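Architecture and fold: a report
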Amino acid sequence: MSDQVKKVYFVSDIHLGAPALKQNKERELLFVDWLKNVRNDASEIYLMGDIFDFWFEYKKVAPRGFVRVLGALADITDSGIPVHYFTGNHDFWIFDYLPQETGVTLHHDFLTKELNGKKFFLSHGDDLGERDKGYQFIKKLFRNRFAQWAYSQLHPDTAFKVAHNWSKQSRLSKGGEGLGFLGEEKEEQIIFAKEILQKEHFDFFIFGHRHLAIDYPLNGSSRLIMLGEWFREFSYGVLEGQEFRIEKIDREILNNYHISSNR
């Protein structure tokens, strides 16, 4: 048996198929190869939301494309490696097709879990604060079953056209930059994590959503990890033993896929 130390991998905000982003095919191929590579030493893989820029499942229809990604995920889970999929604010309309076909374990809400002796709080990171009332309203509307049923009555061509036009108006239309780091007093994820720590200890809070790659110390023993994204930084998280680090795809590899990066 191999004595190779197994690792736990975390990645978020790939936004595959985003009409506002360039090089979608190249980024998809890179992501598929990344999945194939990390499976060699992975004990678990956590996909922390917005892997797809948009996803909606009808009873008899699934989104066109991404067959290489779906095949890679199915191959990994078939081999016995657990893959966890957290829905984000772009791909929250995942129901039963994706988990049934690929074998991933689906999470619509946060998850607390012990990994390698460390306590983790895991979430996409968009559903933690109640201060943005407008966003909270939209989120609740989109998760409403009647609203989902009403949207499903649209022809798929129309439904996806509406979704893609919506995406073009998002922060991705500006290269995904959005707001930079706002500081400890204004970052919702940091505020949320500190509130949780007053009630319960966690060693790591792992979030996506903010499109920032940051390892932020909350106190002497807790850290908040923002995983970043895959259109500028191409970053992901690795838990090896009890040590967590953020890694990035090498620029040389990006060049091999003819992908440009602004980092």
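These numbers come from a predicted model, not from an experiment.

A few words now on the overall build of the protein. In terms of regular secondary structure, the protein is built from eight helices and eleven strands. Considering only intrachain contacts with a sequence separation of at least 6, the fraction spanning at least 24 residues in the protein is 67%. Carbon together with sulfur atoms contributes 51% to the accessible area of the protein, which is approximately 13,300 Å² in total.

Below, the discussion takes up the sheet that holds strand β2 (residues 42–47). Sheet architecture is open: six strands sit in the order β4-β3-β2-β1-β10-β11, paired in mixed fashion. Of all strands in the sheet, those bounded by a partner on one side alone are β4 (105–107) and β11 (243–248). Averaged over all pairs of adjacent strands, the angle between their axes in this sheet comes to 20°, without regard to strand direction. Pairing analysis gives four bridges linking strand β1 (residues 7–11) to strand β10 (residues 235–240), with the strands arranged antiparallel. Following the sheet pairing, valine 8 is matched in β10 by leucine 239. Packed onto the sheet, helix α1 (residues 24–38) meets β1, β2 and β10 and runs at close to 165° relative to β1.

Another aspect to go through is the packing of α1 against helix α2 (residues 67–78). It is at 9 Å that the axes of α1 and α2 come closest, and there the two elements cross at 10°. Taken as axis vectors, α1 and α2 run roughly parallel relative to one another. Contacts between α1 and α2 involve Lys25, Glu28, Leu29, Phe31, Val32 and Leu35 from the former and Val67, Arg68, Val69, Ala72, Leu73 and Ile76 from the latter. Grouping the constituent residues of the contact of α1 with α2 by class yields nine nonpolar, no polar and three charged.

A separate point is the packing of aromatic side chains. Applying the stated rule across the entire model yields 26 aromatic pairs. With 6.4 Å between their ring centres and 25° between their planes, tryptophan 55 and tyrosine 97 make a pair best called stacked. Taken together, the positions of tryptophan 55 in the loop between β2 and α2 and tyrosine 97 in helix α3 (residues 97–102) put the pair 42 residues apart, joining distant regions of the chain. Its relative accessible area of 0% is what places tryptophan 55 among the buried residues. Residue classification places tyrosine 97 among the partly exposed residues on the basis of a relative accessible area of 29%. On the numbers, 6.3 Å between centres and 45° between planes, the contact of phenylalanine 205 with phenylalanine 207 is tilted. Residue phenylalanine 205 is classed as buried on the basis of its relative accessible area, which comes to 0%. Aromatic rings pair up to connect Tyr9, Phe31, Trp34, Trp230, Phe234 and Tyr236 into one cluster.

Here the focus is the nonpolar core. Phe31, Trp34, Leu47, Phe52 and Trp230 are the most contacted members of the largest nonpolar core, which totals 36 residues. At the level of secondary structure, the elements contributing two or more residues to this core comprise β1, α1, β2, α2, β3 (83–86) and β10. Of the residues forming this core, the biggest block, six residues, is contributed by α1. Sequence-distant contacts of tryptophan 230, that is, excluding residues within four places in its chain, are made with Val11, Ser12, Asp13, Ile14, Arg27, Leu30, Phe31, Trp34, Ser235, Tyr236 and Ile249. One finds Ile190, Phe192, Ile196 and Phe207 within the second-largest nonpolar core, a separate group that totals 16 residues.

This next bit is on helix α7 (residues 188–197). With respect to burial, α7 is a largely interior element, seven of its ten residues being buried. Considered for burial, the residues of α7 that qualify are Gln189, Ile190, Ile191, Phe192, Ala193, Ile196 and Leu197. Looking at the packing, one finds that the buried side of α7 touches β6 (118–122), β7 (204–207), β8 (213–217) and β9 (223–227).

A word on the pattern of salt bridges. Tallied over the full model, the rule gives eleven salt bridges. The shortest N-O distance in the salt bridge between lysine 113 and glutamate 44 comes to 2.9 Å. Of this pair, lysine 113 sits in strand β5 (residues 111–115) while glutamate 44 is found in strand β2, placing the two residues 69 residues apart along the sequence. Among the residues examined, lysine 113 registers a relative accessible area of 26% and is labelled partly exposed. Ionic pairing is found between aspartate 215 and arginine 223, a salt bridge with its closest N-O pair at 2.5 Å. What makes aspartate 215 partly exposed here is its relative accessible area of 34%.

Conventions we followed
Residues numbered from 1 in each chain as written. Predicted model: local features only at pLDDT ≥ 70, side-chain atom pairs only at ≥ 80, totals over all residues. Heavy atoms only, no water. Helix = DSSP H or I, 4+ residues; strand = E, 2+ residues; numbered from the N terminus. Contact = heavy atoms within 4.5 Å. Areas by Shrake-Rupley, 256 points an atom, 1.4 Å probe, with all protein chains shown as cover. Pairing = 2+ DSSP bridges. Axes fitted to C-alpha atoms, helices over the stretch in contact; angles between N-to-C directions. Parallel < 35°, antiparallel > 145°, perpendicular 65-115°, else oblique. Nonpolar A, V, L, I, M, F, W, Y, C, P; charged D, E, K, R; others polar. Phe/Tyr/Trp six-rings, centres within 6.5 Å; stacked < 30°, edge-to-face > 60°. Buried < 20%, exposed > 50% of the residue type's maximum accessible area, 1.4 Å probe, protein only. Core = buried A, V, L, I, M, F, W, Y, C linked by side-chain atoms within 4.5 Å. Salt bridge = Lys/Arg side-chain N within 4 Å of Asp/Glu carboxyl O.

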